[in-house]
Amino acid sequence: MTRNSFITDERISSEGVIGTFVRRVKEGQLGSFPVILALIVIVIVFQSADSNFISPANLVNLSTQVAFLAILALGINLILLLGEIDLSLAQLGGLAASLLGVLVVRQGVPPALALIIMLLLGLVVGAIQGWFFAVVGIPAFVVTLAGLLAFTGLTLTTLGTQKNLSMSDTFAFDFASFYFPAIWAYIFGAVAIIGFGGGIIYSKLRRHREGLSAPSWTSVIVRIVLLAAIVFGFLILVNQDFGLAMPFFLMIVIAIIIDLVLRKTRYGRSIYAVGGKVEAARRAGIRVTWVRISVFMAAGVLAALFGFIKTGVTTNAGSTLVSTQDLLNAIAAAVIGGTSLFGGRGTAWAAVLGALVVGAINNGLYLIGFNSDAQQIITALVLLTAVVIDALSRRGQRYVGRG
């Protein structure tokens, strides 16, 4: 055992689990704890108010609704990691959906080709907006505000005189209404747990071998068991109804891919570096301009996917498919999940967890009879709380020299 690992083990044992937790809170290293705590409270409150909240049918419905919100929030999340904001992503998704509907329903374009065109639209538009921001130097707020207005008008132009376009008999609807057989759902869950467990065990062994601080085996086992209980508990419940929905499955796959890119690749570390301090990243040899443009491109593709999935879920590719509320909910989801508005801090799972919070609040309030006004007010209060926690966290990090 090296001297560093001995000191680390001695420190952990002297503090204890509770002491370590208190120290991490004071240092601003909250991680996902606040949003997980919020989810637990939400489930307890709404289940107490209405026993149907965690019923199989409602969980299937909730998971489908959360899927397209989380995918849009993942795009917002990437932009926030740069310390910027994109106001146009929801409307870009609406424009892509209207293009998809016109191509498939009116023009008879093969579905696969129409989907590729839709995703290319998101990619190209993201590149253009990223270029105006990163190369021309126009603030992202202004560029994307202009995009929001332009995409709204282009959606109406694309649809022509018929503003409502039904997608009830298209492949988008078939995709959104597909549910995996129970056996496949359990296989996917087992693979996810094995992958997660193998990853954190490998990380612990590597850090211990290199003399770095590492979590205890008790902590590792508890995390694996808790995740397994949540995953299989969810799958058992939804399989009593329709089962695991394809949109939710796709959302999880996308989140895993983005998480691996952010944590395990040089490109992902570059995004955090650029969001943390641009000049320091540039001096470190990071291609700041390319990182910025590529992040906007990725967000554009995610916006197109959001439009595709919401089109299938709602069977609508018309002008009313998306609204400003979609954008606001996605921004709220990313921030509530723990992504910093100041850039450089956050994870892919922050967007997913935040979307679960926002979706659960809206769904629970709807079940107990509250209208949309109350849903927006409560979501706003939760968002404000998340921003306050973020500000306090940054203050704690600066106090210990981490900020």
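Per-chain numbering applies: the sequence of each chain, read as written, is numbered from 1 onward. Totals for whole chains, interfaces and linings use every residue, but because this is a predicted model, local features are given only for residues with pLDDT of at least 70 and side-chain atom pairs only at 80 or more, for both listing and counting. For side-chain calculations, the full set of non-hydrogen atoms in the structure is used, while hydrogens and water are omitted.

Another point: the confidence of the model for the protein chain. Close inspection of predicted coordinates is inappropriate for parts of the model with low pLDDT. Confidence of the predictor at the level of single residues is given by pLDDT, which spans 0 to 100. Scored by pLDDT, the protein chain has a mean of 87; 90% of the residues are at 70 or more. The contact criterion used throughout is that any non-hydrogen atoms of two residues lie within 4.5 Å. Here residues 1–17 scores under 50 on pLDDT; set against residues more than four positions off or in separate chains, the count is twelve contacts.

Before going further, it helps to spend a moment on the nonpolar core. The nonpolar side chains of a soluble globular protein tend to be buried with one another. Only buried residues count toward a nonpolar core. Its members are Ala, Val, Leu, Ile, Met, Phe, Trp, Tyr and Cys residues joined through side-chain atoms within 4.5 Å. Throughout, exposure labels follow a simple rule: accessible area from a 1.4 Å probe, protein chains only, divided by the maximum for the residue type, with under 20% read as buried, over 50% as exposed, and the rest as partly exposed. The biggest cluster of nonpolar side chains holds 101 residues, and the ones touching the most others in it are Ile71, Leu74, Ile76, Met251, Ile258, Leu262 and Leu302. Strands here mean DSSP runs of E at least two residues long; helices mean DSSP runs of H or I at least four residues long; both are numbered from the N terminus. Considering every element that reaches this core, the biggest residue donor is helix α3 (residues 56–81), with 17 residues. Each residue touching leucine 74, except ones within four places of it in the same chain, is listed here: Ile254, Ala255, Ile258, Leu302, Ala348 and Ala351. With five residues, the next largest nonpolar core counts Ile193, Val220, Ile224 and Ala228 among its residues.

Any two side chains of opposite charge can pair, given that their charged atoms come close. Any Lys or Arg side-chain nitrogen found within 4 Å of a carboxyl oxygen on Asp or Glu counts as a salt bridge. The tally for this structure, following the rule as stated, stands at four salt bridges. For the salt bridge of aspartate 259 with arginine 263, the shortest nitrogen-to-oxygen distance reads 3.0 Å. One end of the pair, aspartate 259, and the other, arginine 263, are both in helix α10 (residues 246–264), four residues apart, so they sit about a helical turn from each other. A residue is classified by how much of its surface remains accessible, and aspartate 259, at 8% relative accessible area, is buried. Where glutamate 279 meets arginine 282, a salt bridge forms, and the shortest distance between an N and an O atom there is 3.2 Å. One end of the pair is glutamate 279 and the other is arginine 282, both in helix α12 (residues 278–283) and three residues apart, which spans about a single turn.

Patch membership requires more than 30% relative accessible area and the absence of a salt bridge. Residues of like charge join within 9 Å; the nonpolar side chains Val, Leu, Ile, Met, Phe, Trp and Tyr join within 5 Å. Accessible areas in this description were obtained via Shrake-Rupley with a 1.4 Å probe; residue shielding takes into account the shown protein chains only. For this count, His and the chain ends are skipped, Lys and Arg are scored as positive, and Asp and Glu as negative. Note that the charge is assigned to NZ on lysines, CZ on arginines, CG on aspartates and CD on glutamates. A cluster of basic side chains, namely Arg206, Arg207, Arg209 and Lys264, defines a positive patch on the protein surface. Ranked by residues supplied to the positive patch, first place goes to helix α8 (residues 182–209) with three residues. Along the chain, arginine 207 falls in helix α8. Using a relative accessible area of 30% as the deciding quantity, one classes arginine 207 as partly exposed.

Definitions used throughout: a 1 Å grid over protein atoms alone; a cavity as a set of points that fits a 1.4 Å probe which cannot get out; a pocket as an open set with protein on both sides within 12 Å along at least five of seven lines; a lining residue as one with an atom within 4 Å of a point. Grid points are joined across faces, edges and corners, and a volume is the space filled by probe spheres set on the points. Size it by volume and the second largest pocket reaches roughly 500 Å³. Lining the second largest pocket we find 23 residues, and of these Gln65, Phe68, Asn362, Asn363 and Gln375 sit closest to its centre. Contributing elements (two or more residues each) for the lining of the second largest pocket: α3, α13 (288–314), α14 (324–336) and α15 (348–367). A per-element tally of the lining of the second largest pocket places α3 first, with eight residues. Think of it as three bins: nonpolar holds Ala, Val, Leu, Ile, Met, Phe, Trp, Tyr, Cys and Pro, charged holds Asp, Glu, Lys and Arg, and polar takes everything else, Gly as well. Split by residue class, the lining of the second largest pocket holds ten nonpolar, eleven polar and two charged.

One non-glycine residue, threonine 315, adopts positive backbone phi at about 55 degrees. Checked against the element boundaries, threonine 315 lands in the loop between α13 and α14. The exposure class of threonine 315 is partly exposed, given its relative accessible area of 24%.

Tracing the chain through its elements places leucine 123 in helix α5 (residues 111–136). Residue classification places leucine 123 among the partly exposed positions, given a relative accessible area of 30%. Linking leucine 123 and alanine 298, residues 175 residues apart in sequence, is a C-alpha distance of 6.7 Å.

Relative placement of two packed helices is described by the angle separating their axes and the distance separating the axes. The axes are straight lines fitted to the C-alpha atoms, using for helices just the contacting stretch, and the angles between their N-to-C directions are given from 0 to 180°. Where α8 meets helix α9 (residues 217–238), the closest approach of the two axes is 10 Å, and the angle between their N-to-C directions is 165 degrees. Here α8 lies roughly antiparallel to α9, going by the angle between them. When you trace α8 past α9, the crossing you get is right-handed. Residue-level inspection shows Ala185, Tyr186, Gly189, Ala190, Ile193, Phe196, Gly197, Ile200, Ile201, Lys204 and Leu205 of α8 in contact with α9, the latter providing Trp217, Val220, Arg223, Ile224, Leu227, Ala228, Val231, Phe232, Leu235 and Ile236. Its residues assigned to classes, the contact of α8 with α9 comprises 17 nonpolar, two polar and two charged. Each angle receives one of four descriptions, namely roughly parallel if under 35 degrees, roughly antiparallel if over 145, roughly perpendicular if within 65 to 115, and oblique otherwise. Two helices crossing with the near one rotated counterclockwise from the far one by less than a right angle form a left-handed crossing, whereas a clockwise rotation gives a right-handed crossing.

The next thing to look at is the environment of alanine 334. Secondary-structure assignment places alanine 334 in helix α14. Residue alanine 334 is classed as buried on the basis of its relative accessible area, which comes to 0%. Along the primary structure alanine 334 and leucine 353 are separated by 19 residues, whereas in three dimensions their C-alpha atoms are 8.2 Å apart. Beyond its immediate chain neighbours, meaning those up to four positions away, alanine 334 contacts Ala73, Ile76, Asn77, Leu80, Thr339, Ala350 and Ala351.

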